[in-house]
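Spelled out, the chains give:
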Amino acid sequence: MKEQLRRALLRALQSAQAAGDLPQFDHSALEFAIETPRSAEHGDLAANLALQLARPCRRKPRDIAEILVRHLAEAGGILAKAEIAGPGFINFFLNPTAWLAALPHIMGEGPNFGRSAWGAGRRVMVEFVSANPTGPLHVGHGRGAALGDALARLLEYVGCSVATEYYINDAGNQMATLGRSLLHRAQELAGSDQAFPDNHYKGEYIRELAEEYLKTLTGPAAPPSPGDQAAVKAAADWAGAKILDGIKDDLRVFGVEIDNYYSEQSLVDRGAVRASFDDLKARGLMYDNEGALWFAASRYGDEKDRVVKRSNGETTYFASDIAYHREKFERGFDQLIDVWGADHHGYVPRLKAAIQALGREPEALQVVLVQMVSLLRGGEPVAMSTRAGEFVTLREVVDEVGRDAARFIFLTRRSDSPLDFDLEVAKQKSLDNPVYYVQYAHTRVMSILRKAAEAGVNLPDPGQVDLSRLGLDEEVALARRLGEYPEAALGAAQALEPHRITYYLNEVAGAFHSYYNAQRVLGEDAGLTAARLLLSQAVGQVLRNGLGLLGVSAPEAM
RNA sequence: GGGCGGUUAGCUCAGUUGGAUAGAGCGUUGGCCUCCGGAGCCAAAGGCCGUGAGUUCGAAUCUCGCACCGCCCA
């Protein structure tokens with residue numbers, strides 16, 4: 001719709017110039033907007049073209065607008081009238097059928113309505129969660145998981161080729177700490193009264209794992225000492241694998257399927273870290289200082305250079321990250337998206353520096369930061385302390401409130417805004433709970449369709465419906481809103497902001513609830529019933545498609 | 001001390017990439033079931049968009065200063 005008007009306006013501009021009404025100028029850089037005005041008095045759509053032309057034409061915006069409107073040809077019969085208003089806006093009033101035409105189109109496209117080819121040819125990697133396998137996922141990870149998964153779905157929807165990945169930090173110190181924590185607990189269980197070290201993992205899950213681990217051990221000296229390096233390694237490997245299995249299971253229950261789990265250790269073993277060092281050395285971006293190896297990150301906008309290999313020979317996490325992201329590019333991805341906790345934001349400049357050092361544009365890596373989740377119950381904070389190992393796991397939350405509610409609520413805010421997650425609200429079956437509001441609208445549609453079937457009313461053939469029967473303002477407005485869905489999906493994908501879909505769906509649901517309360521769909525008049533059934537079906541279709549983007553179900557009945 | 005994010009209705013938050021009279025939910029007040037699911041709807045009240053300047057036809061939106069809040073780094 002907007003595109004049609006845009007083309008019509010550009011033709012009018014050319015025609016005005018050809019007729020000498022407006023001066024010639026280079027309008028290759030011309031940018032103007034066609035938008036929906038806030039107030040209905042200002043028409044269905046409005047263009048600011050004349051305002052933009054004021055400078056190059058050196059004429060008053062209103063005069064230009066008048067000339068443009070005079071040269072405006074009929075744009076395919078959709079235009080009822082065009083007016084000039086305010087400082088020089090051109091307001092377009094469209095024939096209602098222009099909006100209603102969206103309805104048969106939506107039903108024709110079905111599940112594909114809203115898809116686009118914007119991202120065709122782009123290979124995108126979305127990396128998310130990537131929690132260390134030292135404990136179960138907590139609520140904060142859940143938010144990252146919901147976001148990353150929705151982003152992947154969105155990007156695929158708009159034509160990108162998308163892969164998802166979970167990076168496992170299994171090569172560093174935390175794994176050794178995990179191994180020692182496990183062995184300490186194992187020794188306690190075997191009767192030792194040695195104090196548990198303060199900086200180790202204290203969670204109850206470690207104790208449970210230790211119990212299980214003891215059963216796997218055979219031999220006279222079990223359980224081994226936390227001072228035994230080989231034993232620590234073995235314990236860490238065992239516990240890490242166990243915990244990772246648990247994480248995968250948590251994600252599966254949450255409805256998140258990740259294409260690939262990528263091990264940091266495998267990266268090291270394969271020599272990828274060394275290869276990335278060689279690459280950077282060849283570019284003259286590495287140097288030795290005080291026994292350590294440094295990457296010259298400050299040359300690419302980071303505030304200082306960074307150590308990649310310590311004087312004791314250990315490579316840093318950053319070194320692994322450089323190698324990992326380098327590999328992502330080598331595997332053919334040209335757009336990398338990382339979902340991180342906001343507490344890591346200080347890390348962004350150095351990784352972007354690394355990307356550039358490897359010869360990529362800084363924009364080839366986009367980092368989406370996710371703010372904290374505060375868990376509440378009935379308005380009261382739920383105590384959580386990662387340090388003491390006491391936190392509410394994602395699994396517990398999903399078990400209590402359900403997958404749909406958890407996912408939807410995680411996506412009701414922009415990701416860089418902190419989120420209050422109230423367990424009681426998430427369980428409520430009312431308007432307080434946004435997911436029910438949207439799902440309930442879908443259920444109502446389904447209920448109407450069931451009712452129609454019971455009454456022996458056949459669903460209409462979308463192409464045969466007389467759209468002019470939908471004469472109410474609210475019907476046109478609803479159809480119009482539905483027609484905006486592809487634009488909403490594309491905008492959300494481009495901005496990497498799935499919460500826009502949440503808001504959009506809320507608006508559609510609200511418009512439908514309102515309509516439903518005021519008008520009857522099923523009635524005596526067969527033509528009117530058919531038209532309203534089509535409208536209802538289209539609402540259902542759009543709600544299904546949109547909820548699908550969020551990974552939330554669209555139930556037939558609740 | 002440097003950096004990042006934030007500041008919009010009593011509360012929680014949107015604001016379509018700079019458009020015309022700033023929106024939604026909760027809460028408050030008052031209405032709506034003979035009716036396709038009331039898990040819903042309608043209406044009212046509620047605002048110096050933190051603050052001071054700048055950019056321009058036009059700023060909640062972009063730039064700079066300042067004030068608070070949160071986080072990261074030293």
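The structure this text deals with has already been given above.
Everything quoted here is computed from the prediction, not taken from an experiment.

A.B. asks: So, the overall build of chain A: which residues are in play, and what are the values?
C.D. replies: Of regular secondary structure, chain A possesses 21 helices and 15 strands. Summarising its shape, the C-alpha atoms of chain A cover approximately 90 × 65 × 40 Å along the three principal directions. Burial statistics for chain A: of 558 residues in total, 49% are counted as buried. For chain A, the share of sequence-separated contacts (at least 6 apart) that also reach a separation of at least 24 residues comes to 72%. Total accessible area on chain A is roughly 25,900 Å²; 48% of this is exposed by carbon and sulfur atoms. Taking the 60 positively charged and 73 negatively charged side chains of chain A as two groups, their mean positions are separated by 3 Å.

A.B. asks: Talk me through the protein's contact with RNA strand B; I want residue IDs and the actual numbers.
C.D. replies: Not every one of the 45 residues close to RNA strand B is listed here, only the nearest: R38, R414, S447, Q519 and R520. In RNA strand B, atoms within 4 Å of the protein come 68% from sugar and phosphate. The contact in question runs from a sugar or linking oxygen of RNA strand B to an N or O atom on the side chain of Y440, over 2.6 Å. Take L522: an N or O atom from its main chain is 3.1 Å from a base oxygen of RNA strand B. Put simply, the parts of the chain that give the surface near RNA strand B at least two residues each are α2 (49–57), β4 (89–94), α17 (434–454) and α20 (499–518).

A.B. asks: Run through the packing of helix α7 (residues 173–189) against helix α8 (residues 204–216), naming residues and quoting values.
C.D. replies: Two elements in contact, α7 and α8, have axes separated by 8 Å at closest approach and are oriented at 70 degrees. One finds that α7 runs roughly perpendicular with respect to α8. Of α8, the residues touching α7 (which contributes L178, S181, L182, L183, R185, A186, E188 and L189) are I206, R207, L209, A210, E211, Y213 and L214. Partitioning the contact of α7 with α8 into residue classes produces 10 nonpolar, 1 polar and 4 charged.

A.B. asks: Could you give an account of the pattern of salt bridges, naming the residues involved and the relevant values?
C.D. replies: For the coordinates displayed, the defined rule picks out 33 salt bridges. For E83, the salt bridge goes to K81, with nearest N and O atoms at 3.2 Å. Classification of E83 as partly exposed rests on a relative accessible area of 30%. Across the pair E484 and R480 runs a salt bridge whose closest N-O atoms are separated by 3.8 Å.

A.B. asks: Before we move on, can you summarise the side chain of D422 with the specific residues and values?
C.D. replies: Among the structural elements, D422 can be located in strand β15 (residues 419–422). No salt bridge is formed by the buried D422; its nearest oppositely charged neighbour, R377, is found at 7.1 Å. Beyond its immediate chain neighbours, meaning those up to four positions away, D422 contacts L376, R377, G378 and G379.

A.B. asks: So what's going on with the sheet that holds strand β9 (residues 292–295)? Residues and values would help.
C.D. replies: Read across the open sheet, the 3 strands follow the order β8-β9-β10; overall the sheet is antiparallel. The open sheet has two free edges, formed respectively by β8 (286–289) and β10 (306–309), since each of these has just one partner strand. Between one strand and the next, the sheet's axes are offset by a mean angle of 45 degrees, whatever the strand orientation.

A.B. asks: Can you break down helix α15 (residues 403–410) residue by residue, with the values?
C.D. replies: Of all 8 residues making up α15, 7 are buried, and the element is well covered by its neighbours. Three or more residues of α15 are buried, namely D404, A405, A406, R407, F408, I409 and F410.

A.B. asks: A description of the sheet that holds strand β5 (residues 123–127) should follow, citing residues and the corresponding values.
C.D. replies: Read from one edge to the other, the open sheet built from 5 strands follows the order β7-β6-β5-β11-β12, with strand pairing classed as parallel. Edge positions in the open sheet fall to β7 (260–263) and β12 (365–370), since each of these has one partner strand only. Neighbouring strand axes in the sheet, compared pairwise and without regard to direction, differ in orientation by 25 degrees on average. Sheet topology places strand β11 (residues 335–341) next to β12; 6 bridges connect them, and they run parallel. Bridging across to β12, W340 finds its partner in L369. Here helix α13 (residues 348–357) sits on the sheet in contact with β11 and β12, set at roughly 165 degrees to β12.

A.B. asks: How would you explain the packing of helix α1 (residues 2–18) against helix α3 (residues 61–71) if you had to name every residue and give the values?
C.D. replies: Between α1 and α3, the least distance of the axes is 8 Å, while the angle of their chain directions is 100 degrees. On the basis of their axis angle, the class for α1 and α3 is roughly perpendicular. Contacts between α1 and α3 involve A12, L13, S15 and A16 from the former and I67, L68 and H71 from the latter. Residues belonging to the contact of α1 with α3 are distributed by class as follows: 5 nonpolar, 2 polar and no charged.

A.B. asks: Quick one: what's the story with unusual backbone geometry, residue by residue and with numbers?
C.D. replies: Not every positive phi belongs to a glycine, and V129 is a case in point at roughly 65 degrees. Not every positive phi belongs to a glycine, and S130 is a case in point at roughly 45 degrees.

A.B. asks: Any chance you could break down helix α21 (residues 526–550) for me, citing the residues and the numbers?
C.D. replies: Taking 1.5 Å per residue as the helical rise, α21 with its 25 residues ought to reach 36 Å, and the 36 Å between its terminal C-alpha atoms agrees with that figure. The buried fraction of α21 is high, at 19 of 25 residues. Of the residues one or two after α21, G551 is the one with positive phi, at around 75 degrees.

A.B. asks: Explain the nonpolar core to me, and be specific about the residues and the numbers.
C.D. replies: Formed by 137 residues in total, the largest nonpolar core has its most connected members in L103, Y166, F410 and F421. For this core, the element with the most residues is α21, which contributes 11 residues. Setting aside chain neighbours within four positions, we find Y166 in contact with F128, V129, S130, A131, L137, L244, I247, L251, I258, N260, Y261 and Y262.

A.B. asks: If you had to explain the pairing of β11 to someone new, which residues and values would you point to?
C.D. replies: With 6 of its 7 residues buried, β11 lies for the most part within the structure. Taken together, the 4 bridges between β5 and β11 define a ladder with parallel strand orientation. Its bridge partner lying in β11, M125 is registered against L336.

A.B. asks: I'd love a proper account of the side chain of T164, names of residues and values included.
C.D. replies: Relative to the assigned elements, T164 resides in strand β6 (residues 161–168). Judged by its relative accessible area of 6%, T164 falls in the buried class. Setting aside its immediate chain neighbours within four residues, T164 contacts V126, F128, A152, E257, I258, D259 and N260.

Analysis parameters
Residues numbered from 1 in each chain as written. Chains lettered and ligands numbered in written order. Predicted model: local features only at pLDDT ≥ 70, side-chain atom pairs only at ≥ 80, totals over all residues. Heavy atoms only, no water. Helix = DSSP H or I, 4+ residues; strand = E, 2+ residues; numbered from the N terminus. Buried < 20%, exposed > 50% of the residue type's maximum accessible area, 1.4 Å probe, protein only. Contact = heavy atoms within 4.5 Å. Areas by Shrake-Rupley, 256 points an atom, 1.4 Å probe, with all protein chains shown as cover. Lys, Arg positive; Asp, Glu negative; His and termini not counted. Charge placed at Lys NZ, Arg CZ, Asp CG, Glu CD. Near = heavy atom within 4 Å. Polar contact = N/O pair within 3.5 Å; in protein donor to acceptor, adjacent residues only side chain to side chain. Axes fitted to C-alpha atoms, helices over the stretch in contact; angles between N-to-C directions. Parallel < 35°, antiparallel > 145°, perpendicular 65-115°, else oblique. Nonpolar A, V, L, I, M, F, W, Y, C, P; charged D, E, K, R; others polar. Salt bridge = Lys/Arg side-chain N within 4 Å of Asp/Glu carboxyl O. Pairing = 2+ DSSP bridges. Expected span 1.5 Å × (residues − 1). Core = buried A, V, L, I, M, F, W, Y, C linked by side-chain atoms within 4.5 Å.

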